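A look at the structure
So you can see what is in the structure, the chains are spelled out below.
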Amino acid sequence: MNETSPAPVVQAPVPRKTPAAAGGGTPSSAAGQRVAELLQRQGALVVLLTVVIVASFVYPTFGTLDNARGVTVQASFGAVVALGMTMVIITGGIDLSVGSVFALGGVLAAWASQWGFLAALFVPLVVCGAIGLLNGFLVARAGMAPFIVTLATLLGARGLLLAITDEGATTYLIPKGSAFAELGQGSIWGFGYPILIALALFGIGGLVLQRTSFGQTLFAVGGSSDAANLMGLPVARTKMLVYTLSGLLAGFAGALSAARLSSGVTIVGVGMELDAISAVVIGGTLLIGGAGSISGTLWGVLLLAVIQNLINQIGELNSSYQSVVSGGFLIVVVVAQRYLARSRRTT
């Protein structure tokens, strides 16, 4: 009986992995992901440059150096506040108290200026930093919701402000020609000190966020507090630090504003927390935390300031239209962020 030999086994050739396959996607999908990430981070800069170029052609006075100086000086105070807000939001939090803390810092600086430069700077930093520390303690250690905590300190800071000024009846003045007044009114090559201070703070903030372990911890905490805890990161301490920093920067910005105005104005800062949040979100920082950039916040602040200036240039519109335009920008940016995040997940 003839035995039949088994049929030869034919092995299918193993396909070689291309570089794109080894990386988990095609070159086009990787490029799409990079574009989506770039738009999320620098979209505000693109819009800002477009608006500035178009407005310079339409309104000749808009593109002048004097107008640029005016816009940047006015934006510098809000920029310092938004810098602290950026770090808070990256950790997944929110700080609604910065507007009241800003006004309180200005009044305290004007009140303390009678004792000299150091007192005018030191007093608002101590008090406003303490408010930020209280926010951080209640959020990080007591586990309370940031919205509720900072809403309470918003009311508390505004109440303290009214108590110091006799319900707004007393306005403290900063001595003319003093070193503290020079801090807000002085300039180099026509650019005011507040502009230079804001740029320096943003430069430091960018380095801290991108080049230090503390900055990377902020992103980790914002991405997932539980995961950050499992990694052994100091989640509670980090949250306390960012809220303290937010209070310090808001108080410092208020002191700078008071030095600029030569007085502690009690009605400033109303709604500033919403402007700061808008600038941060327009700049590409996600409200849910875990992603954001300092440079994006700067472009967001400048974009809102340019919009306000354009409304003034038009003349037929009042300043209330800035809120309408800012709200529209905010809605568009949030929708775009959701779309870009979805695109990055699917590519």
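As a reminder, the structure under discussion sits directly above these lines.
In what follows, the accompanying structure is described. (Residues numbered from 1 in each chain as written. Predicted model: local features only at pLDDT ≥ 70, side-chain atom pairs only at ≥ 80, totals over all residues. Heavy atoms only, no water.)

Tracing the backbone shows Leu-160 in helix α6 (residues 146–164). You can call Leu-160 partly exposed: its relative accessible area is 37%. Sequence separation of Leu-160 and Ser-100 is 60 residues, and the distance between their C-alpha atoms is 9.5 Å. Once residues within four sequence positions are removed from consideration, Leu-160 is found in contact with Leu-104 and Val-127. (Helix = DSSP H or I, 4+ residues; strand = E, 2+ residues; numbered from the N terminus. Buried < 20%, exposed > 50% of the residue type's maximum accessible area, 1.4 Å probe, protein only. Contact = heavy atoms within 4.5 Å.)

Note on placement: Ile-195 falls in helix α8 (residues 193–211). By relative accessible area, Ile-195 is classed as buried at 8%. Considered as a pair, Ile-195 and Gln-74 are 121 residues apart in the sequence and their alpha carbons are 8.8 Å apart. Once residues lying within four places of it in the same chain are set aside, the contact partners of Ile-195 are Arg-69, Thr-72, Val-73 and Ser-76.

Tallied over the full model, the rule gives one salt bridge. For the salt bridge of Arg-69 with Asp-66, the shortest nitrogen-to-oxygen distance reads 3.4 Å. Remark: Asp-66 and Arg-69 occur in helix α3 (residues 65–90); sequence separation between them is three residues, near one turn of the helix. On the basis of relative accessible area, Arg-69 is assigned to the partly exposed category, the value being 22%. (Salt bridge = Lys/Arg side-chain N within 4 Å of Asp/Glu carboxyl O.)

Let us now look at unusual backbone geometry. One non-glycine residue, Asp-166, adopts positive backbone phi at about 55 degrees. Along the polypeptide, Asp-166 turns up in the loop between α6 and α7 (179–185).

Our focus in this paragraph is the side chain of Ser-113. Inspection of the secondary structure puts Ser-113 in the loop between α4 (98–112) and α5 (117–140). On the accessibility criterion, Ser-113 (8% relative accessible area) is buried. What Ser-113 contacts, discounting residues up to four positions off in sequence, is Ala-120, Leu-173, Ile-174 and Pro-175.

Time to look at the packing of α4 against α5. Where α4 contacts α5, the two axes come as close as 7 Å, and the packing angle between them is 150 degrees. The pairing of α4 with α5 is recorded here as roughly antiparallel in orientation. Regarding α4 and α5, the two cross each other, and that crossing is right-handed. Contacts between α4 and α5 involve Val-101, Leu-104, Gly-105, Leu-108, Ala-109, Trp-111 and Ala-112 from the former and Ala-119, Ala-120, Val-123, Pro-124, Val-127, Cys-128 and Ile-131 from the latter. (Axes fitted to C-alpha atoms, helices over the stretch in contact; angles between N-to-C directions. Parallel < 35°, antiparallel > 145°, perpendicular 65-115°, else oblique. Left-handed = near helix turned anticlockwise from the far one by under 90°.)

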